[in-house]
Structures are given as structure tokens and as C-alpha cells.
Amino acid sequence: MDQLKIDGGGVPVPVPMKFLSTWEIERTSPDCVPRWCRLKLIGLEVVRPDDLNLHGVIIAVSMKNMRRTLRSTDLALNASGKLSVALDLTFSLQYPHYLKRNGNCLQVMLQRRNRYKNKSMPGFKTLAMGHVFMDQVLQHSLSGPVPLIGKTKSGQNTVANVEVEFIDR
């Protein structure tokens, strides 16, 4: 699946993708406020490609301690070794914002589909994960790179960076 289209000047432009989710959230607790979060990702740069098996990756977004996850389609990284991809992904999700807990954490994950001996299996393997604390986003909007940290041969290191244009609340 090709995520790039060619404009009039022959320059590849990422195809915009939008993902929306409304989830059942807890309304009984007095310290829980339902909120909306909009996250726009404009780039992915893989810093340590040797430590990962990158054929096709998926960017997934989830709130910590919630079962549901929003996932992009497969992002094909070039076989020529180009490990910087322009994206136009927008994730909009409703989440429970707890006033007295520390569970307000947005997880941005780099995943791939599970495989066993080159056969696809149901499920995903998380290669790297980054965290955004929504308490800080409530104070001011966030933009810039979010480091994705994964297990490598030499321990836990930054494996990739996702460039975030904005996170609104």
C-alpha cells in the first residue's frame, strides 16, 4: 500500500489519513472528566534501524490503561534504506481525564504485525513506545518530536522519533 501521492512537480506528498474514536468512558467517578484529544503526526524518523526488523510498521495511539488502540495502516519504509517518512496522520480520541490520578498518559507506539516463520498471525508487536502526559497538554499545546523508546541489543534506547505538529485538547 502506497501512502505517497505525486504532486504536479513530481514531489511525493503523504496521503492524509484521519482516525476518530469515541469510547465508552467512566462517568460515575466524580474525579473523571471526559475530554477530546487531537494528535497530528507529520513525520517518522527511525534512529536505530539495525535493532529493528522493519518491513512495514504501524503507528498506534492509546491511552494508558485502556484496552482500545487506534492504529494507522501499514507504513512501508523504503528498501533503499530511507528511514525518514513524511506522514499526515490525525488521531482524534475521547478519553477519561482523571483529576486525582496519574493515568492521563497518551502512548504513541511503533508496531508491526506478528509473524511466525513469515506467516501473519493476529496481533501486533510493539517495537517502541513514547509517552505524552495529558496534564501538560492541558496547560499548553504540544508540538515537536516525541522520542519512541524501545529495547535494543544494548538496552533501552531511543529507536525512533515521531514529529508531532500539534496536540489539542
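Look a little higher up for the structure.
Below, the structure is looked at part by part. For clarity, every value in this text was computed on a predicted model and none was experimentally measured. The numbering scheme is per chain: residues are counted from 1 as the chain's sequence reads. Local features in this predicted model are restricted to residues of pLDDT 70 or higher, and side-chain atom pairs are both shown and tallied only at a pLDDT of 80 or more, whereas totals for entire chains, interfaces and linings draw on every residue. Water and hydrogen atoms were dropped before computing side-chain values, which therefore reflect all heavy atoms in the structure.

Right, let's get into the pattern of salt bridges. Counted as salt bridges are all cases of a side-chain nitrogen of Lys or Arg within 4 Å of a carboxyl oxygen of Asp or Glu. Summed over all chains, the structure comprises 3 salt bridges. A salt bridge links Glu-165 to Lys-40, with the nearest nitrogen and oxygen atoms 3.8 Å apart. Residue Glu-165 is found in strand 12 (residues 155-168), and its partner Lys-40 is found in strand 4 (residues 32-46); the two are separated by 125 residues along the sequence. Under the scheme applied here, a residue whose accessible area is under 20% of the maximum for its type counts as buried, over 50% as exposed, and between as partly exposed, the area being computed with a 1.4 Å probe on protein chains only. Overall, Lys-40 belongs to the buried group, its relative accessible area being 19%. A salt bridge links Arg-113 to Asp-74; its shortest N-O distance comes to 3.7 Å. Taken as a pair, Arg-113 in strand 9 (residues 105-116) and Asp-74 in the loop between strand 6 (70-71) and strand 7 (75-76) lie far apart in primary sequence, 39 residues in all. Numbered from the N terminus, helices here are DSSP runs of H or I no shorter than four residues, and strands are runs of E no shorter than two.

In this fold, Val-57 is placed in strand 5 (residues 56-63). Sequence separation of Val-57 and Asp-74 is 17 residues, and the distance between their C-alpha atoms is 5.6 Å.

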